Amino acid sequence: SYHIERITIKEKRMKKQDKLKIALLHLSPKKGDFHYNRLMIRAALALAEGYETQLSVTGEVAEYGYPVASFKDLRHLPYFPNSFIFNLQDVARKYKMHLLLGLLEKNREHNEIDNAAIHINAWGKLQAYYRKINLINSLEYHFYTSGEEIICTEIEGIRIGILIGEDILKKE
């Protein structure tokens, strides 16, 4: 069994009668246990699908667990995109659900670690990739590459900005 703390379902009113049903996935990942965390994310998405959710959102680094203690912890970190991302693209398509997921990924482009959030749309396409901008301490600066810009994506006609953790403190 997986420790899914809770799933909070919110409805965001759009035009007149339309709503966007959002599942906030409150998970308890085990630090560094990709297998467990990935299965837990999949189980939470299946639960959210039962509520006819249009958008499911995980927390920061849900796939890996938080915090990272050393580079040794990251030696098995997969390059992005990887088989788990491809699998989630299939899940998004199957459930017709948008996914916003917090991940640690080794980026092929610059071969460094990103504390990232991705948007997989309801058709299974990777629509947005965002890197955390405000790294808060020397540990994060030591492990991660800082992002440079806030990314917006569109979900069911609503423009949504993607932020991770302390990025909310950025003045822009």
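One can find the structure itself at the top, above this paragraph.
Residues numbered from 1 in each chain as written. Predicted model: local features only at pLDDT ≥ 70, side-chain atom pairs only at ≥ 80, totals over all residues. Heavy atoms only, no water.

Enquirer: Tell me about the pattern of salt bridges, and name the residues and values.
Expert: The tally for this structure, following the rule as stated, stands at five salt bridges. Within the structure, one salt-bridge network assembled from shared partners comprises E60, K132 and E166. (Salt bridge = Lys/Arg side-chain N within 4 Å of Asp/Glu carboxyl O.)

Enquirer: Help me get a handle on a nonpolar patch on the surface, residues and values and all.
Expert: Side chains of I150, L163, I168 and L169 sit close together on the surface and give an oily, nonpolar patch of about 410 Å² of accessible area. Here I168 is to be found in the segment after β9 (158-162). (Patch = residues over 30% accessible without salt bridge, like charges linked within 9 Å, V, L, I, M, F, W, Y side chains within 5 Å. Areas by Shrake-Rupley, 256 points an atom, 1.4 Å probe, with all protein chains shown as cover. Helix = DSSP H or I, 4+ residues; strand = E, 2+ residues; numbered from the N terminus.)

Enquirer: Outline the side chain of R131, supporting the account with residue identities and numerical values.
Expert: Here R131 lies in strand β7 (residues 126-131). From its side chain, R131 meets the backbone oxygen of S146 in a polar contact 3.4 Å long. (Polar contact = N/O pair within 3.5 Å; in protein donor to acceptor, adjacent residues only side chain to side chain.)

Enquirer: So, the packing of aromatic side chains: which residues are in play, and what are the values?
Expert: Enumeration according to the criterion identifies two aromatic pairs in this entry. Relative to Y64, the ring of F34 lies with its centre 5.6 Å away and its plane at 65°, an arrangement referred to as edge-to-face. With F34 in helix α1 (residues 34-50) and Y64 in the loop between β3 (55-57) and β4 (79-80), the pair connects residues that are 30 residues apart, well separated along the chain. There is no split in this pair, since F34 and Y64 are both buried. Consider the rings of F80 and Y129, whose centres lie 4.8 Å apart with planes at 50°: the pair is tilted. Of the two residues, F80 sits in strand β4 while Y129 sits in strand β7, which places them 49 residues apart along the sequence. Of the residues examined, F80 reaches a relative accessible area of 10% and is grouped as buried. On the basis of relative accessibility, which here comes to 22%, the residue Y129 falls in the partly exposed class. Here the basic side chain of K106 rests over the ring of Y79, its NZ or CZ set 5.0 Å away from the ring centre. (Phe/Tyr/Trp six-rings, centres within 6.5 Å; stacked < 30°, edge-to-face > 60°. Buried < 20%, exposed > 50% of the residue type's maximum accessible area, 1.4 Å probe, protein only. Lys NZ or Arg CZ within 6 Å of the ring centre and 35° of its normal.)

Enquirer: Which residues make up the pairing of strand β2 (residues 19-27), and what values go with them?
Expert: With three bridges connecting them, β2 and β3 associate as parallel partners. The residue bridging L24 from the neighbouring strand is V57, located in β3. (Pairing = 2+ DSSP bridges.)

Enquirer: Go over the pairing of β7 with me, naming the residues and quoting the values.
Expert: Sheet faces and side chains relate simply in a regular strand, where the side chains alternate between the two faces. Where strand β6 (residues 112-120) meets β7, five bridges bridge the pair, whose relative direction is antiparallel. Counterpart to I120 in the pairing with β7 is L126. Here β6 folds back onto β7, and the loop between the two strands holds five residues, one of which, G124, carries a positive phi near 85°.

Enquirer: Can you explain unusual backbone geometry? Please cite residues and give values.
Expert: For the peptide bond that leads from F80 to P81, omega is -10°, which places it in the cis range. In the Ramachandran plot, E52 falls in the positive-phi region, its phi being about 55° despite a non-glycine side chain. With respect to the secondary-structure elements, E52 resides in the loop between α1 and β3. Its identity as a non-glycine residue notwithstanding, E156 has a phi of 50°, on the positive side. Within the element layout of this structure, E156 appears in the loop between β8 (151-155) and β9. On the basis of relative accessibility, which here comes to 37%, the residue E156 falls in the partly exposed class.

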